[in-house]
Amino acid sequence: MTRRAIGRVTAGFLLLAAPAMAAESPAELISSFRLKHGEVRVVRDATLDRIALEQARAMAAKDNLSHEVLGSFTGRIAPARAGRAAENIAYGYESFEKTLGQWIDSSGHRKNLLLHNASRVGIASAKDASGKRTYWAMVIAGDYEPKSHKGKRDMEPLVAVKREAAPSGRPKSTDCHIKVLSLCI
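About the thresholds
Residues numbered from 1 in each chain as written. Predicted model: local features only at pLDDT ≥ 70, side-chain atom pairs only at ≥ 80, totals over all residues. Heavy atoms only, no water. Pairing = 2+ DSSP bridges. Helix = DSSP H or I, 4+ residues; strand = E, 2+ residues; numbered from the N terminus. Contact = heavy atoms within 4.5 Å. Axes fitted to C-alpha atoms, helices over the stretch in contact; angles between N-to-C directions. Parallel < 35°, antiparallel > 145°, perpendicular 65-115°, else oblique. Left-handed = near helix turned anticlockwise from the far one by under 90°. Buried < 20%, exposed > 50% of the residue type's maximum accessible area, 1.4 Å probe, protein only. Lys, Arg positive; Asp, Glu negative; His and termini not counted. Salt bridge = Lys/Arg side-chain N within 4 Å of Asp/Glu carboxyl O. Polar contact = N/O pair within 3.5 Å; in protein donor to acceptor, adjacent residues only side chain to side chain.

Chemist: So what exactly am I meant to see when it comes to the sheet that holds strand E1 (residues 43–44) here?
Modeler: The four strands are arranged E1-E3-E4-E2 in an open sheet whose pairing can be described as mixed. Every interior strand has two partners, whereas the edge strands, E1 and strand E2 (84–91), have only one. The strands touched by helix H2 (residues 26–36) within the sheet are E1, strand E3 (118–127) and strand E4 (134–142), with E3 carrying the most contacts at an inclination of about 135°.

Take a look at the structure:
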């Protein structure tokens with residue numbers, strides 16, 4: 001059985017597990033998938049929903065499936081103040097259930113759905129100008145630092161990239177060895 005078939009079967013079981021005529025919310029569907037794979041539940045988060053909605057609307061407006069349509073993910077996720085986060089995007093399916101099945105079938109998207117220690121999720125969709133294509137965005141995040149109200153340090157985003165300066169006399173390397181969340185490491 002291929003990964004794609006396994007993903008469809010898993011998404012189908014998630015749908016069949018719901019009580020008759022009572023559809024589970026996207027967060028509940030994601031949580032069910034996560035629980036079956038040893039991870040914790042996620043709950044909807046207003047900040048992540050807003051970030052996902054802005055991304056879905058921008059992709060739909062430009063008819064462009066791209067993580068960078070609104071700028072870097074690191075910059076867009078900063079207001080959430082999460083220690084780690086990931087984003088899945090898609091277009092084509094009308095329903096979240098089918099979109100989730102597509103993500104489950106993809107190893108990279110599946111890995112994002114199973115982000116360790118994730119506790120919050122934001123999900124949104126938007127139609128393109130013709131109304132025929134639906135764009136989806138999901139942002140999942142975790143490792144939140146407790147909020148403190150002590151000063152400027154608390155206003156800084158928790159998502160950051162550490163970059164070391166190259167020693168003088170040597171040109172900086174532009175090679176990307178590993179790319180995670182649009183960041184070169």
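Chemist: Would you mind showing me how to read unusual backbone geometry here?
Modeler: Backbone phi values are negative for most residues with the exception of glycine, while trans is the configuration of most peptide bonds. In the Ramachandran plot, Arg81 falls in the positive-phi region, its phi being about 60° despite a non-glycine side chain. Assignment of secondary structure puts Arg81 in the loop between helix H4 (73–77) and E2. Despite not being glycine, Asn117 has its phi angle at roughly 65°, a positive value. Note on placement: Asn117 falls in the loop between helix H6 (107–113) and E3.

Chemist: What's the story with the packing of H2 against helix H5 (residues 96–105) in this structure? I'm lost.
Modeler: Working note: a packed helix pair is described by the angle between its axes plus the distance between those axes. As a packed pair, H2 and H5 sit with axes 10 Å apart at the nearest point and diverge in direction by 30°. As judged from the angle between their axes, H2 and H5 are roughly parallel. Judged by the sense of rotation from one axis to the other, the crossing of H2 with H5 is right-handed. Two secondary-structure elements touch here, H2 through Pro26, Leu29, Ile30 and Phe33 and H5 through Phe96, Glu97, Leu100 and Ile104.

Chemist: I'm lost on the side chain of Arg110 in this one. Help?
Modeler: Summarising the element assignment, Arg110 is placed in helix H6. Although buried, Arg110 forms no salt bridge, and the nearest oppositely charged side chain, Asp105, lies 6.5 Å from it. Within the local environment of Arg110, its side chain forms a polar contact with the backbone oxygen of Ile104, the two atoms lying 3.5 Å apart.

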